[in-house]
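# Examining the three-dimensional arrangement
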Amino acid sequence: MKKPTLYQFAVSCSAEKVRRALNHKRVEWETVEVNWFDRQNLIKVSGQKLVPILVHAGNTVGPSSIEALDYIEDNFAGPSIYPDDSRALCHMI
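Every chain is numbered on its own, with residues counted from 1 as its sequence reads. Selection of residues for local features in this predicted model requires a pLDDT of at least 70, selection of side-chain atom pairs for listing and counting requires 80 or more, and totals for whole chains, interfaces and linings are taken over all residues. Excluded from the side-chain calculation are hydrogens and water; included are all heavy atoms of the structure.

## A word on the pairing of strand 2 (residues 30–33)
Cut-off, in case you're wondering: Pairing between strands is defined by DSSP: at least two bridges between them are needed. Think of it this way: any DSSP run of H or I at least four residues long counts as a helix, any run of E at least two long counts as a strand, and we number them from the N terminus. Looking down the strands as they point away from the viewer, one classifies a crossover as right-handed if the path from the first strand across the helix to the second runs clockwise.
Both strand 1 (residues 5–8) and strand 2 contribute to a ladder of four bridges, which runs parallel. Looking at strand 2, one finds that Thr-5 is bridged to Glu-30. Of the crossover connections in this fold, the one passing from strand 1 over helix 1 (residues 13–24) to the parallel strand 2 is right-handed.

If you want it as structure tokens, here you go:
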């Protein structure tokens, strides 16, 4: 299966959440660093200008980091990013 691709700004806190979740699940992924001043590649992929965007298996997820985290949890094996079935609590926080 093809690796997921994360469109990001390296300094984005939301992208950092997604990177940490991918690392936690031990998922190998590719990164596309979006140019702050020229976001045409991001617009082409997602139809908008915000990050993070996760592209995997024909799915484009984001820019909500919560949406990306849920996608990672539901589509990749490995330890849960929501311990003790705490997804709803994590969403509230």
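From this point, things continue past the structure.
## Describing the sheet that holds strand 2
What counts, and what does not: Axis angles are defined between N-to-C directions and span 0 to 180 degrees, where every axis is a line fitted to C-alpha atoms and, for a helix, only to the segment in contact.
If you walk across this open sheet you meet the four strands as 2-1-3-4, and the pairing is mixed. With one partner strand each, in any of the chains shown, strand 2 and strand 4 (59–61) form the two edges of the open sheet. With direction set aside, neighbouring strand axes in the sheet form an average angle of 20°. Of the strand pairs in this sheet, strand 3 (residues 53–56) and strand 4 are connected by three bridges, and their pairing is antiparallel.

## Some points on the environment of Val-34
The criterion, for reference: Relative accessibility decides the category of a residue: with a 1.4 Å probe and only protein chains considered, values under 20% of the type maximum give buried, values over 50% give exposed, and everything between is partly exposed. Throughout, a residue-residue contact means that at least one pair of heavy atoms, one from each residue, lies within 4.5 Å.
With respect to the element layout, Val-34 can be found in the loop between strand 2 and helix 2 (40–46). Using a relative accessible area of 4% as the deciding quantity, one classes Val-34 as buried. Taking the C-alpha atoms as reference points, Val-34 and Phe-9, 25 residues apart in sequence, are found 5.8 Å from one another. Excluding its chain neighbours within four sequence positions, the residues that come into contact with Val-34 are Tyr-7, Gln-8, Phe-9, Arg-39, Asn-41, Leu-42 and Val-51.

Shape descriptors only; they carry no functional weight alone.
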